[in-house]
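The residues making up each chain are set out below.
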Amino acid sequence: MPFCGACQTFESTIAMSNRIRKAVLPVAGLGTRFLPATKSVPKEMLTVVDRPVLQHVVDEAREAGIEHFVFVTGRNKGVIEDHFDIAYELDDTLRQRGKLKEYEALLADLPKAGATSFTRQQSPLGLGHAVWCARDIIGDEPFAVLLPDMITMANGKRKSRCLAQCIEAYEAHGGNIIAVEEVPMDQTHQYGVVSLGADHGHTFEINGMVEKPAKGTAPSNLIISGRYILGPEIFDILEKGERGAGGEIQLTDGMKVLAGSQPFHGVRFDGKTYDCGSKLGFLTANVAFALERPDLAESFRAEIKALSGF
Ligand code: G1P
């Protein structure tokens, strides 16, 4: 094929502008399901093994190629900002005591300077409102959303976490992407639920969605599991501030409107998702992640065996 400098530049400009570089992480929730633990500690900072839940989510986003993290916070969440900054005294003490492995591990987790933004939601008006609060920082480009209650494990055949699989699907189909999980039908009323169009297996066309359907009315058992790729057109829709389930501005309702003019694909995540917004999911995540850790797995398995009497 003859080389065309102008075309190549044009194509690479398009590729650049469509690349998913930024992610929104809504972290303003009050964490009422985890009181009293979350009275003064943000729920996103509770730990799964020795990493805050939110760090697991940022790890997933970084692995998927995200370069800028937009945290939509609220009052009493200042410690999240500190977590993603240098801890000067701690770093200095670790170095002086020769704990270089620990020091380097902290450095490796640190996003680059300027790669984080923090904005405040001010009032708890719903997930759609939280995402809308990030509009100026995201600007006019497609972006990812990661709900920090959900953490995912790369233990499927694809060996990647959920956001990486969503970005792959975005590169194949364009438009908008929603990750989904199967749940028992009697749990669907707790989530957003999608309905299926043409099914390609790992991905499928979405031809409808509903937030928190009344019991027995869900269009499928595929729930919206907290990873999205969205076009910036969602912001003008959310700006209208229309209220949905629970009197809140729902992201699902905004996406439903966007689906009138843009395609949406679902991704059946090949791996495991843990809902750390529920006590059971949080405890299970701790066990599952501990069993994946080479330094803990063997002795922890023995403890579990002893506890459960197997
Ligand atoms: C939110 C979304 C919902 C999604 C759920 C996943 O609901 O609105 O569509 O299924 O997260 O956890 P929330 O948990 O904030 O009620």
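Our subject in this report is the structure included herewith. (Residues numbered from 1 in each chain as written. Predicted model: local features only at pLDDT ≥ 70, side-chain atom pairs only at ≥ 80, totals over all residues. Heavy atoms only, no water.)

**Re the site of the ligand**
In the vicinity of the ligand, the contacting residues are L127, L147, M150, Y191, G192, E211, K212, I224, Q250 and T252. Measuring from an oxygen atom of the ligand, one finds a backbone N or O atom of G192 at 3.0 Å. Contacts to the ligand include I224, whose backbone N or O atom sits 2.6 Å from an oxygen atom. Protein chains bury 79% of the 380 Å² of accessible surface belonging to the ligand in isolation. More than half of the atoms belonging to the ligand lie within 2 Å of the grid points that define the largest pocket. Residues of the shell around the ligand, tallied by class, amount to five nonpolar, three polar and two charged. (Near = heavy atom within 4 Å. Polar contact = N/O pair within 3.5 Å; in protein donor to acceptor, adjacent residues only side chain to side chain. Areas by Shrake-Rupley, 256 points an atom, 1.4 Å probe, with all protein chains shown as cover. 1 Å grid on protein atoms, 1.4 Å probe; cavity = no way out; pocket = protein on both sides within 12 Å on 5 of 7 lines; lining within 4 Å. Sits in = over half its atoms within 2 Å of the grid points. Nonpolar A, V, L, I, M, F, W, Y, C, P; charged D, E, K, R; others polar.)

**So, the packing of aromatic side chains**
Applying the stated criterion to the full structure yields five aromatic pairs. Measuring from centroid to centroid gives 5.4 Å for F34 and F282, while their planes differ by 75 degrees, and the two rings are edge-to-face. Of this pair, F34 sits in the loop between strand 1 (22-26) and strand 2 (47-48) while F282 sits in helix 11 (residues 279-291), placing them 248 residues apart in sequence. Here F34 and F282 have matching classes, each one buried. Taken together, a centroid distance of 5.0 Å and an interplanar angle of 15 degrees make the contact between F71 and F118 stacked. Linking F71 in strand 4 (residues 68-73) with F118 in strand 5 (residues 116-120), this pair joins segments that are 47 residues apart in sequence. Exposure remark for F71: the relative accessible area of 0% places this residue in the buried category. Three or more aromatic residues joined by ring pairs make a cluster, and in this case those are F71, F84 and F118. The ring of W132 has R135 lying over it, and the distance from NZ or CZ to the ring centre is 3.8 Å. (Phe/Tyr/Trp six-rings, centres within 6.5 Å; stacked < 30°, edge-to-face > 60°. Helix = DSSP H or I, 4+ residues; strand = E, 2+ residues; numbered from the N terminus. Buried < 20%, exposed > 50% of the residue type's maximum accessible area, 1.4 Å probe, protein only. Lys NZ or Arg CZ within 6 Å of the ring centre and 35° of its normal.)

**Digging into the packing of helix 4 (residues 88-96) against helix 5 (residues 100-109)**
At a closest axis distance of 8 Å, the pairing of helix 4 and helix 5 adopts a crossing angle of 150 degrees. The pairing of helix 4 with helix 5 is recorded here as roughly antiparallel in orientation. Side by side, helix 4 and helix 5 meet where L90, D91, L94 and R95 of the first sit next to L100, E102, Y103 and L106 of the second. When grouped by side-chain class, the residues that make up the contact of helix 4 with helix 5 number five nonpolar, no polar and three charged. (Axes fitted to C-alpha atoms, helices over the stretch in contact; angles between N-to-C directions. Parallel < 35°, antiparallel > 145°, perpendicular 65-115°, else oblique. Contact = heavy atoms within 4.5 Å.)

**Remarks on the state of the cysteines**
Following the criterion strictly, the structure yields zero disulfides and no others. Left unpaired, C166 is separated from the closest cysteine sulfur, that of C162, by 4.2 Å. According to the relative accessible area criterion, C166 is buried, its value standing at 0%. No disulfide involves C276; its sulfur sits 14 Å from that of C162, the nearest cysteine. (Disulfide = S-S within 2.5 Å.)

**A few points about the side chain of Q250**
Within the secondary structure, Q250 is located in the loop between helix 9 (234-239) and helix 10 (251-258). Once residues lying within four places of it in the same chain are set aside, the contact partners of Q250 are G128, E211, L238, E242, G244 and A245.

**Describing a negative patch on the surface**
Together, D140, E233, D236 and E239 line one region of the surface with negative charge. Topologically, D236 is positioned in helix 9. (Patch = residues over 30% accessible without salt bridge, like charges linked within 9 Å, V, L, I, M, F, W, Y side chains within 5 Å. Salt bridge = Lys/Arg side-chain N within 4 Å of Asp/Glu carboxyl O. Lys, Arg positive; Asp, Glu negative; His and termini not counted. Charge placed at Lys NZ, Arg CZ, Asp CG, Glu CD.)

**Quick look at the nonpolar core**
If you look at the biggest cluster of nonpolar residues, it comprises 41 residues, and the most contacted ones within it are L25, V48, I66, F71, I151, L163 and I229. Residue assignment for this core shows that the elements contributing at least two residues are strand 1, helix 2 (53-63), strand 4, strand 6 (143-146), strand 7 (150-153), helix 8 (162-173), strand 8 (176-182) and helix 11. Residue contributions to this core peak at seven residues, all from helix 8. (Core = buried A, V, L, I, M, F, W, Y, C linked by side-chain atoms within 4.5 Å.)

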